[in-house]
Amino acid sequence: MTYDIEIQIEELRSELRECIDPDERREIEVELELARAELAVIIAEKDGWLKAKPPF
């Protein structure tokens, strides 16, 4: 699962490098930040730092 997110992050970074439209850049930056946060959570769960439970 982390591999898929890492690929997504690399693709977003590539898109960001090529993007010239300011609105599109902001969207990509937000997507990239969310993907990085998701990866950080997955890694923390794997390492036992975080035990996520559903809110219900």
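Here, every reference points to the structure presented above.
Residues numbered from 1 in each chain as written. Predicted model: local features only at pLDDT ≥ 70, side-chain atom pairs only at ≥ 80, totals over all residues. Heavy atoms only, no water.

Student: Whenever I open this one, the overall build of the protein chain confuses me. Can you help?
Tutor: Helices and strands together make up the secondary structure of the protein chain, namely 2 helices and 0 strands. In the protein chain, buried positions account for 21% of the 56 residues. Pairs at least 24 apart in sequence give 45% of the contacts found in the protein chain among residues at least 6 apart. For the protein chain, the accessible area works out to roughly 4700 Å², and carbon and sulfur atoms hold 55% of it. (Helix = DSSP H or I, 4+ residues; strand = E, 2+ residues; numbered from the N terminus. Buried < 20%, exposed > 50% of the residue type's maximum accessible area, 1.4 Å probe, protein only. Contact = heavy atoms within 4.5 Å. Areas by Shrake-Rupley, 256 points an atom, 1.4 Å probe, with all protein chains shown as cover.)

Student: How do you make sense of the nonpolar core when you look at a structure like this?
Tutor: If you look at soluble globular proteins, the nonpolar side chains tend to sit buried side by side. Among the nonpolar cores identified, the biggest contains 10 residues, and these are Ile5, Ile9, Leu12, Leu16, Cys19, Ile28, Leu32, Ala35, Leu39 and Ile42. Taken together, the elements giving at least two residues each to this core come down to α1 (2–18) and α2 (22–47). The element contributing the most residues to this core is α2, with 5 residues. Look past the residues within four positions of isoleucine 9 in its chain and what remains in contact with it is Leu32, Ala35, Arg36 and Leu39. (Core = buried A, V, L, I, M, F, W, Y, C linked by side-chain atoms within 4.5 Å.)

Student: It is not clear to me how α1 should be interpreted in this structure. Could you clarify?
Tutor: Each turn of an α-helix holds 3.6 residues, which means side chains three or four residues apart point in the same direction. Across its 17 residues, α1 extends 25 Å between first and last C-alpha, which sits within 8% of the 24 Å expected from 1.5 Å per residue. Buried residues of α1: Thr2, Ile5, Ile9, Leu12 and Leu16, and no others. Considered in projection along α1, the buried side chains sweep an arc of 80° and stay on one side of the axis. Of the residues in α1, the exposed ones pointing more than 90 degrees away from the buried face are Tyr3, Asp4, Arg17 and Glu18. Next to the buried residues of α1 lie α2. (Expected span 1.5 Å × (residues − 1). Arc of directions from axis to C-beta.)

Student: In this structure, what is going on with α2? I would like to understand it.
Tutor: Taking 1.5 Å of rise per residue, the 26 residues of α2 would be expected to cover 38 Å, and the 37 Å separating its terminal C-alpha atoms lies within 8% of that figure. Looking at α2, one finds that the buried residues are Ile28, Leu32, Ala35, Leu39, Ile42 and Ala44. Packing partners of the buried residues in α2 comprise α1. Of the residues trailing α2, glycine 48 is marked for its positive phi of about 85°.

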